[in-house]
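Structural features, examined
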Amino acid sequence: MSGALVAVVSRDPPTRLAAAAAFDGAPAAWRVELFETPPSRGADVVVLGPDAGDGPGVRFDPAAPTRV
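First, a word on scope: everything that follows refers to the structure included in this document.

About the thresholds
Note on numbering: residues in each chain are counted from 1, in written sequence order. At least 70 in pLDDT is required for a residue's local features to be given in this predicted model, at least 80 for side-chain atom pairs to be given and counted, and no such filter applies to totals for whole chains, interfaces and linings, which use all residues. Just so you know, side-chain values use all the structure's heavy atoms and leave hydrogens and water out. Secondary structure elements follow DSSP: runs of H or I no shorter than four residues count as helices, runs of E no shorter than two count as strands, and numbering proceeds from the N terminus. We take the radius of gyration over the C-alpha atoms and set the globule estimate at 2.2 Å times the residue count to the 0.38 power. In this analysis, two residues are considered to be in contact whenever any of their non-hydrogen atoms come within 4.5 Å of each other. Accessible areas in this description were obtained via Shrake-Rupley with a 1.4 Å probe; residue shielding takes into account the shown protein chains only. In this charge count, Lys and Arg are treated as positive and Asp and Glu as negative; neither His nor the chain ends contribute. By convention, charge coordinates are those of NZ in Lys, CZ in Arg, CG in Asp, or CD in Glu. Here a salt bridge means any side-chain nitrogen of Lys or Arg lying within 4 Å of a carboxyl oxygen belonging to Asp or Glu. Only protein chains enter the accessibility calculation, which uses a 1.4 Å probe; a residue whose area is less than 20% of its type maximum is buried, one above 50% is exposed, and one in between is partly exposed. In this scheme Phe, Tyr and Trp rings, the latter by its six-membered ring, pair at centre separations within 6.5 Å, and the angle between planes marks the pair as stacked below 30 degrees, edge-to-face above 60, and tilted otherwise.

**A closer look at the overall build of the protein**
- Of the regular secondary structure elements, the protein holds one helix and four strands.
- Going residue by residue from the N terminus, the α and β elements of the protein occur as β-α-β-β-β.
- Computed over its C-alpha atoms, the radius of gyration of the protein comes to 11 Å, within 12% of the 11 Å expected for a compact globule of 68 residues.
- Seen along its three principal axes, the alpha-carbon backbone of the protein occupies a region of about 30 × 25 × 15 Å.
- Residue pairs in contact within the protein that sit at least 24 positions apart in sequence constitute 64% of those at least 6 positions apart.
- Taken as a whole, the protein presents about 4200 Å² of accessible surface, with 53% of it coming from carbon and sulfur.
- Here the protein carries 6 positive and 8 negative side-chain charges, and the mean point of each set is 3 Å from the other.

Written out as structure tokens, the structure is:
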């Protein structure tokens, strides 16, 4: 996947940053953007923090940050 947008969603800033850090080794073409609520569209991958509610996306567990 080239040129992917990864949306990291959490209302908690430290959780957002920890989830974003899990993508440090991602390809350079990937963009990681931080959101407090899920974006309505445009994201190729949505990573949901524990406080982000239900919805489509990958769940982020702060206790196991590399499992994203």
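**Describing the pattern of salt bridges**
- Tallied over the full model, the rule gives one salt bridge.
- Measuring nitrogen to oxygen at the nearest pair gives 3.2 Å for the salt bridge that ties arginine 31 to glutamate 33.
- By relative accessible area, which is 44% here, arginine 31 ends up partly exposed.

**Here's the deal with the packing of aromatic side chains**
- Across all of its chains, the model carries one aromatic pair by this definition.
- Each ring, one from phenylalanine 23 and one from tryptophan 30, has its centre 6.4 Å from the other, and the planes form 45°; the classification is tilted.
- On the basis of relative accessible area, phenylalanine 23 is assigned to the buried category, the value being 14%.

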